[in-house]
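A look at the structure
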2 protein chains.
Amino acid sequence: MAITLRQSDADFEQRFCAFLSTKREISADVDAVVHAIIARIREAGDAALIDYTRRFDRCDLEELGIAVSRSDIDAAYEQADPDTIAALKLARDRIRAHHQRQVPQDDRYSDAIGVELGSRWTAVESVGLYVPGGTASYPSSVLMNALPAAVAGVERIVMVVPASGGIINPLVLVAADLAGVSEIYRIGGAQAIAALAYGTQTIRPVVKIVGPGNAYVAAAKRQVFGTVGIDMIAGPSEVLVVADGSNDPEWVAADLLAQAEHDASAQSILMTDDAHFGKAVEDAVERQLSHLPRADTAAQSWRDFGAVILVESFEAAIPLIDRIAAEHLELAVDNADAMAERIRNAGSIFIGRHTPEVIGDYIGGCNHVLPTARSARFSSGLSVLDFVKRTSLLKLGTEQLRILGPAAIALAKAEGLDAHARSIAIRLNI
Amino acid sequence: MAITLRQSDADFEQRFCAFLSTKREISADVDAVVHAIIARIREAGDAALIDYTRRFDRCDLEELGIAVSRSDIDAAYEQADPDTIAALKLARDRIRAHHQRQVPQDDRYSDAIGVELGSRWTAVESVGLYVPGGTASYPSSVLMNALPAAVAGVERIVMVVPASGGIINPLVLVAADLAGVSEIYRIGGAQAIAALAYGTQTIRPVVKIVGPGNAYVAAAKRQVFGTVGIDMIAGPSEVLVVADGSNDPEWVAADLLAQAEHDASAQSILMTDDAHFGKAVEDAVERQLSHLPRADTAAQSWRDFGAVILVESFEAAIPLIDRIAAEHLELAVDNADAMAERIRNAGSIFIGRHTPEVIGDYIGGCNHVLPTARSARFSSGLSVLDFVKRTSLLKLGTEQLRILGPAAIALAKAEGLDAHARSIAIRLNI
């Protein structure tokens, strides 16, 4: 049973605050282990990689090779279901088209006194993409992480994926190939992150590392940050479904369960102004749970973190929605467009009754890597901007330096930085 | 004496790699102390803030007040030199004008099958700006951090600055007022970061914290990250001056020293194709050092981290420049524009002999908060984008769901996520 919060209750504010501050993950302290793994990869390179992979992934890289070959990829196309490949291609095309609109424009201009200014965007030279092994090895995530990099113009997109028992999900290899990944290695864990950051005999280092992973991968990313760039460390996923009483409770229940089946720390929240409808959705959740292959996970998520929030009106709901700042926000209400306009904090908004969040997971075109745990208040989903960087440009001639120099000298002197002042004064003979 | 690296030497590659991997800061391990400070602020709020401020800043907040008042700001205007205020206003106007060009545009469109997609940008609701006390309390940094937030539309810009012995640099208060800072508090250190992140009786919490600080401030920012957003943790500053033999060695020496005077960990690098010129610059550095108030700091920086790199040609220099990925890059060569076009990795490029880097520190208009320690390979300087976040929008109707639904179902099933598949199938009656 999910918890219920009623906006009309006297202690609502207090309970809502407690709800907002609930932690959904315990981060294991694996820093020391990860530190040792990174040190060994830096020291012994491929040999250490082979050794760790044998122990952790039961996979013999001396036999299989560290790198996945073209023929391995061709074999994956043979093994994969043709309809699924077609779906991946459709997803690839839609995601690529949407992300092409995100490529930032350079800006060069001269101001009124002839100072030339500019902002120039260039792609990061190389990116490492971590893909988890096992059941969390999702081809859709390969597309979502690799395509923004490809659209940005990153030349080397290097994927690492552990091959548990020697096996890699063929759809992961197909998705990587469709998305333009240029190199693939059969490695995972902290050792893969270290290899990407520092390089080995086989693997040239990359400049930035992205992609989800377990506690070891997350700790390794934090430890190599600085040497390379990293993306945000994603927490467990969440959905907030805002729904009025005109919805089919079964549809809304299905959306809540789609989130809950991800993992036991996922969070599904229903916000409604109709207590009867809320109850109907809860009943539908219980009914549908019994038919789900991942019922245990979904039930645990719904029990531990699920919530039904009964609001006095959708007008009164807006500030609550902004405070939750959900990764995924479904608006299954009349005038959903108008409500969407008024929401400030959300990773992605799914507008109207016919836009289940799952469409965005796969095929809508927008990215499914989104800010979790209320971080939509200050951060954005993955985009082309994560794979480019901006260089400022500034150019003065003698005339412009003469005009602006004295103010810079005044400020430098006020800050006690005489060498700063001097570097301008010496050019102006003052 | 700075080190000299000659591209023509047999061991150049090895020495250049060693040079690139030189660490310029030792980060003190202050995590435990900071952890305790944050816990006490969360527990005791204002009382703890007053207590820490009395101990660390020798400042009695019970007497002065935690908040800086309007009359304090008015008094600061009275104390400050009018010419410096005028220079700050000119800087403010130029920085604001440049940053207004960075405001990202929303994007809404419908694709060929009628799916509505969009990217909508909104400002972060509130930002905390940390300003160090003492000699590193720079009004120019207040402008550079606060103005992008103001241009982004952040409603609450909250500045904290320690008042050592009760005193705050009046120019810091003036700069804050000119930049649109809405609240100012006389606090610093880890306790100020904790107050911004969690709030106290007097200070409402903010959503994101930016600005430079010492090891305690940096550690506190890392610890509150997640609860709030943070900016990058800046390392010591650096400049790479690429100069041919036609330059006045005194000008180039002045630019190297402007960087070196910042702190002993700053780094100044000269890259030239003319060994005689290189020697002339080194001599000029020694001569000018003797006239500098901050000679000790600058001399230590130049001795420990300064470098002269003698390249075989500027053509051969381009890959080295990209590998250094300098925070500040001056191009004092013929055809500097053409060379700038070819550089990929740099925080900011100062083009031509009349654009000393110091102009960018104060008055050029571009931001002076830039990626240090080679992170320009994967990150950008501070901009309006750091104070906004993007929400994805997606809207399907029944027709679009009918077209895209089956591919999403296929992918969900291939990933073993049956509840995902069901949330679409239930709407399509399949």
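About the thresholds
- Residues numbered from 1 in each chain as written.
- Chains lettered and ligands numbered in written order.
- Predicted model: local features only at pLDDT ≥ 70, side-chain atom pairs only at ≥ 80, totals over all residues.
- Heavy atoms only, no water.
- Domains from an automatic or database assignment.
- Contact = heavy atoms within 4.5 Å.
- Buried area = accessible area lost by both parts, 1.4 Å probe.
- Salt bridge = Lys/Arg side-chain N within 4 Å of Asp/Glu carboxyl O.
- Polar contact = N/O pair within 3.5 Å; in protein donor to acceptor, adjacent residues only side chain to side chain.
- Helix = DSSP H or I, 4+ residues; strand = E, 2+ residues; numbered from the N terminus.
- Axes fitted to C-alpha atoms, helices over the stretch in contact; angles between N-to-C directions.
- Parallel < 35°, antiparallel > 145°, perpendicular 65-115°, else oblique.
- Left-handed = near helix turned anticlockwise from the far one by under 90°.
- Nonpolar A, V, L, I, M, F, W, Y, C, P; charged D, E, K, R; others polar.
- Phe/Tyr/Trp six-rings, centres within 6.5 Å; stacked < 30°, edge-to-face > 60°.
- Buried < 20%, exposed > 50% of the residue type's maximum accessible area, 1.4 Å probe, protein only.
- Lys NZ or Arg CZ within 6 Å of the ring centre and 35° of its normal.
- UniProt positions renumbered as here; feature names shortened; annotations may be inferred.
- Core = buried A, V, L, I, M, F, W, Y, C linked by side-chain atoms within 4.5 Å.
- Pairing = 2+ DSSP bridges.

**Examining the domain arrangement of chain A**
Residues and elements named next belong to chain A.
- Along its sequence, chain A is organised into domain 1 (31-115 + 126-230), domain 2 (235-377) and domain 3 (396-428).
- Inter-centroid distance (C-alpha atoms) of domain 1 to domain 2 is 30 Å.
- If you look at the interface, domain 1 gives 13 residues, while domain 2 gives 11 residues.
- Summing the contributions of domain 1 and of domain 2, the shared interface buries around 940 Å²; its carbon and sulfur component is 54%.
- Where domain 1 packs against domain 2, one counts zero salt bridges.
- Here domain 1 and domain 2 share five residue pairs in polar contact (both at pLDDT 80 or more) between them.
- Of all the elements in the fold, those that place two or more residues in the side of domain 1 that touches domain 2 are helix H6 (82-100) and helix H7 (139-152).

**Side note on the packing of helix H7 (residues 139-152) of chain B against helix H8 (residues 170-179) of chain B**
Residues and elements named next belong to chain B.
- Running from N to C, H7 and H8 point in directions that differ by 20°, and their axes come no closer than 9 Å. Judged by the inter-axis angle, H7 sits roughly parallel to H8. As for how H7 packs across H8, the hand of that crossing is right-handed. On H8, the residues that touch Pro139, Val142, Leu143, Ala146, Leu147 and Ala150 of H7 are Leu171, Val172, Ala175, Ala176 and Ala179.
- Grouping the constituent residues of the contact of H7 with H8 by class yields 11 nonpolar, no polar and no charged.

**Quick notes on the packing of aromatic side chains**
- If you walk through the whole model with that rule in mind, you get six aromatic pairs over all chains.
- On the basis of an interplanar angle of 20° and a centroid distance of 5.4 Å, the ring pair of Phe12 of chain A and Phe16 of chain A is categorised as stacked. Taken together, the residues span about one helical turn, with Phe12 of chain A and Phe16 of chain A both in helix H1 (residues 12-20) at a distance of four residues. Each member of the pair, Phe12 of chain A together with Phe16 of chain A, is buried.
- In textbook terms, an aromatic cluster arises when at least three aromatic residues are bridged by ring pairs, as seen for Phe12, Phe16 and Phe19 of chain A.
- A cation over a ring is seen here: Arg42 of chain A above Tyr198 of chain A, with NZ or CZ 3.9 Å from the ring centre.
- Over the face of the ring belonging to Tyr109 of chain A we find Arg101 of chain B, whose NZ or CZ atom lies 3.5 Å from the ring centre.

**Topic: unusual backbone geometry**
- Despite not being glycine, Ala325 of chain A has its phi angle at roughly 50°, a positive value.
- One can find Ala325 of chain A in the loop between helix H14 (314-324) and strand S12 (328-332).
- The phi angle at Asn335 of chain B is positive, at roughly 55°, despite the residue not being glycine.
- Note on placement: Asn335 of chain B falls in the loop between strand S12 (328-332) and helix H15 (336-342).
- For Asn335 of chain B, a relative accessible area of 63% translates into the label exposed.

**Thoughts on the interface of chain A and chain B**
- Of the residues lining the interface, 114 residues belong to chain A; the matching set on chain B comes to 113 residues.
- Of the roughly 9,900 Å² buried where chain A meets chain B, counting both sides, 56% is carbon and sulfur surface.
- Between Arg427 of chain B and Asp255 of chain A there is a salt bridge, with the nearest N and O atoms lying 2.7 Å from each other.
- The interface formed by chain A and chain B holds 70 residue pairs in polar contact (both at pLDDT 80 or more) in total.
- The dominant element in the side of chain A that touches chain B, judged by the number of residues it contributes, is helix H17 (residues 398-414) of chain A, at 10 residues.

**Concerning the UniProt feature "binding site: Zn(2+)" (unreviewed entry) in chain A**
- When the UniProt feature table is mapped to this numbering, "binding site: Zn(2+)" (unreviewed entry) covers Gln259, His262, Asp361 and His420 of chain A. With the annotated positions falling across 162 residues, the maximum pairwise C-alpha distance of 55.9 Å shows that they are not confined to a single cluster.
- Looking at where His262 of chain A falls in the secondary structure, it is placed in the loop between helix H11 (249-260) and strand S10 (267-272).
- Residue contacts for His262 of chain A: discarding those within four places in its chain leaves Arg294, Thr297 and Asp361 of chain A together with Leu417 and His420 of chain B.
- Not counting residues up to four positions away in its chain, the partners in contact with Asp361 of chain A are Ser140, Met144, His262, His328 and His368 of chain A together with His420 of chain B.

**Points about the nonpolar core**
- Counting residues in hydrophobic clusters, the biggest one holds 105 residues, and the most contacted among them are Met159, Ile184, Ile187 and Ile359 of chain A.
- Sequence-distant contacts of Met159 of chain A, defined by excluding residues within four places in its chain, comprise Leu129, Val131, Val142, Val172, Leu173, Ala176, Val181, Glu183, Ile184 and Tyr185 of chain A.
- Within the second largest apolar cluster, 104 residues are counted, among which are Leu88, Leu178, Ile203 and Ala219 of chain B.

**Things to note about the UniProt feature "binding site: substrate" (unreviewed entry) in chain A**
Residue and element names in this part refer to chain A.
- Per the UniProt record, "binding site: substrate" (unreviewed entry) is found at Ser237, Gln259, His262, His328, Asp361, Glu415 and His420. The annotated residues occupy 184 residues of the chain and do not converge on a single region, their most distant C-alpha atoms lying 55.9 Å apart.
- For Ser237, the location among the structural elements is in the loop between strand S8 (229-230) and strand S9 (238-243).
- Not counting residues within four places of it along the chain, the set of residues in contact with Ser237 comprises Arg24, Gln259, Ser265, Ala266, Gln267, Glu327, His328 and Thr372.
- By secondary structure assignment, the location of Glu415 is in the loop between H17 and helix H18 (418-428).

**Details of the sheet that holds strand S14 (residues 388-395) of chain B**
- Read from one edge to the other, the open sheet built from nine strands follows the order S1(A)-S11(A)-S10(A)-S9(A)-S12(A)-S13(A)-S14(B)-S3(B)-S2(B), with strand pairing classed as mixed. Of all strands in the sheet, those with a lone pairing partner are strand S1 (3-6) of chain A together with strand S2 (107-110) of chain B, marking the two edges. Averaged over all adjacent pairs, the angle separating strand axes in this sheet is 15°, with direction ignored.
- In this sheet, S10 of chain A lies alongside S9 of chain A in parallel orientation, the contact comprising five bridges. Paired with Leu240 of chain A across the two strands is Ile269 of chain A, which belongs to S10 of chain A.
- Sitting on the sheet, H11 of chain A is in contact with S9, S10 and S12 of chain A, with an inclination near 170° to S9 of chain A.

**Let's talk about the pattern of salt bridges**
- Scanning the model with the defined rule gives 52 salt bridges over all chains in all.
- As a salt-bridge pair, Arg344 of chain B and Glu155 of chain A come within 2.9 Å of each other at their nearest N and O atoms. A residue pair is termed interchain when its members come from two chains, as with Arg344 of chain B in the loop between H15 and strand S13 (348-351) and Glu155 of chain A in the loop between H7 and strand S5 (156-160).
- Its salt-bridge partner being Glu399 of chain A, residue Arg402 of chain A comes within 3.0 Å of it at the nearest N-O pair.

**With respect to the side chain of Thr200 of chain A**
Residues and elements named next belong to chain A.
- Tracing the backbone shows Thr200 in the loop between helix H9 (189-198) and strand S7 (208-210).
- What makes Thr200 buried here is its relative accessible area of 14%.
- Separated by 2.6 Å, the side chains of Thr200 and Asp46 make a polar contact.
- Those residues in contact with Thr200 that sit more than four places away from it in its chain are Ile41, Gly45, Asp46, Leu49 and Ala195.

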